[in-house]
Amino acid sequence: MDHSEALSALSAKRDAEAQMARAATCPPWRHAAFGLLMGGLVASPAFGLAARTGILVLILACIPVIIHFDRKRMGMFINGYRRGKTRVVAIGILIVELALYVVSVVRGLGMGDHTTPLLLGVAGMLIGTIGSMLWQRVFVREMGA
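Residues numbered from 1 in each chain as written. Predicted model: local features only at pLDDT ≥ 70, side-chain atom pairs only at ≥ 80, totals over all residues. Heavy atoms only, no water.

Looking at the layout of surface pockets
The gaps left among the atoms become clear once a water-sized probe is rolled over them. Filter applied, for reference: Method remark: on a 1 Å grid restricted to protein atoms, a set of points is classed as a cavity if a 1.4 Å probe fits but cannot get out and as a pocket if it is open with protein on both sides within 12 Å along at least five of seven lines; lining residues have an atom within 4 Å of a point. Grid points are joined across faces, edges and corners, and a volume is the space filled by probe spheres set on the points. Secondary structure elements follow DSSP: runs of H or I no shorter than four residues count as helices, runs of E no shorter than two count as strands, and numbering proceeds from the N terminus. Residues are grouped as follows: Ala, Val, Leu, Ile, Met, Phe, Trp, Tyr, Cys and Pro are nonpolar; Asp, Glu, Lys and Arg are charged; all remaining types, including Gly, are polar.
Space inside the largest pocket adds up to approximately 870 Å³. For the lining of the largest pocket, the secondary-structure elements that each account for two or more residues are helix 2 (28-43), helix 3 (49-74), helix 4 (85-110) and helix 5 (115-142). Taken together, the residues of the lining of the largest pocket break down into 21 nonpolar, 5 polar and 4 charged. Here the second largest pocket defines a volume of roughly 290 Å³. Lining of the second largest pocket is provided by 17 residues; of these, Ala33, Leu36, Leu37, Ile59 and Cys62 occupy positions nearest its centre. Secondary structure elements with two or more residues in the lining of the second largest pocket: helix 2, helix 3 and helix 5.

Considerations on the packing of helix 2 against helix 4
Which entries qualify depends on this criterion: Under this scheme, a helix contributes an axis fitted over its contacting stretch, all axes are lines through C-alpha atoms, and angles between N-to-C directions fall in the 0 to 180 degree range. For classification purposes, an angle smaller than 35 degrees is called roughly parallel, one larger than 145 roughly antiparallel, one from 65 to 115 roughly perpendicular, and anything else oblique. Note on contacts: a residue pair is in contact if any heavy atoms of the two residues lie within 4.5 Å.
Closest axis-to-axis distance for the helix 2/helix 4 pair is 8 Å, and the angle between their directions is 30°. Relative to helix 4, helix 2 is oriented roughly parallel. Contacts from Phe34, Met38, Leu41 and Val42 in helix 2 reach Ile93, Glu97, Leu100, Tyr101 and Ser104 in helix 4. Residues of the contact of helix 2 with helix 4, tallied by class, amount to 7 nonpolar, 1 polar and 1 charged.

A closer look at the packing of helix 4 against helix 5
Orientation of helix 4 relative to helix 5, taken along the N-to-C sense of each, is 175°, at an axis distance of 9 Å. Our classification of the angle between helix 4 and helix 5 gives roughly antiparallel. Among the residues making up the contact of helix 4 with helix 5, the classes are represented as 14 nonpolar, 8 polar and 4 charged.

What to know about the side chain of Thr129
What counts, and what does not: Exposure is judged per residue with a 1.4 Å probe applied to protein chains only, and the accessible area is read against the type maximum: over 50% gives exposed, under 20% gives buried, and values in between give partly exposed. Think of a polar contact as two N or O atoms within 3.5 Å of one another; within protein, one of them needs to be a possible hydrogen donor and the other a possible acceptor, and neighboring residues in sequence only count if both atoms come from side chains.
Among the structural elements, Thr129 can be located in helix 5. By relative accessible area, which is 16% here, Thr129 ends up buried. At a separation of 2.9 Å, a polar atom in the side chain of Thr129 contacts the main-chain carbonyl oxygen of Met125. Not counting the four nearest positions on each side in its chain, Thr129 is found in contact with His31, Ala32 and Gly35.

Things to note about the environment of His31
Inspection of the secondary structure puts His31 in helix 2. According to the relative accessible area criterion, His31 is buried, its value standing at 4%. Distance from His31 to Ser132, taken between C-alpha atoms, is 5.5 Å for residues 101 residues apart in sequence. Among all residues touching His31, those that are not within four sequence positions of it are Cys26, Thr129, Ser132, Met133 and Gln136.

Considering the pattern of salt bridges
Filter applied, for reference: Salt bridge, as used here, is a side-chain nitrogen of Lys or Arg placed within 4 Å of a carboxyl oxygen of Asp or Glu.
Per the counting criterion, the structure on display carries 3 salt bridges. For Asp70, the salt bridge identified is with Arg73, shortest N-O distance 3.7 Å. With Asp70 and Arg73 both in helix 3 and 3 residues apart, this pair spans about one turn of that helix. Arg73 gets classed as partly exposed once you look at its relative accessible area, which sits at 30%. Taking the shortest distance from any N to any O, the salt bridge between Arg107 and Asp113 comes out at 2.8 Å.

In structure tokens, the structure reads:
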């Protein structure tokens, strides 16, 4: 491969990445849906076993729906744990959400406190929504758009 072919290949790669970044821009409700799933998980210990199980089943059922929506809208699903700075954002969101969930479980199931898990659920929803928007911003920047 000569120099001009290499430059042409790099240019094509950058163009493809920019196109993927433009396609990856989600509508606001998509970020809110992710936040709602995270908030629901964190709030679930506020409820009895049957309701808590139903919430968890609903959350798990929504995951393939979101994946399907993304594939239909963009033609692909981008894994949140992909290599690069997006992985740092995803792991940060995961750590914060899991910490909220642990506190929610201790307070809700261990101490019978049903208010704290609901409040933490609201925080989890906001963190999930903002985290999803941040992840998208980092992804778009990584792709060069």
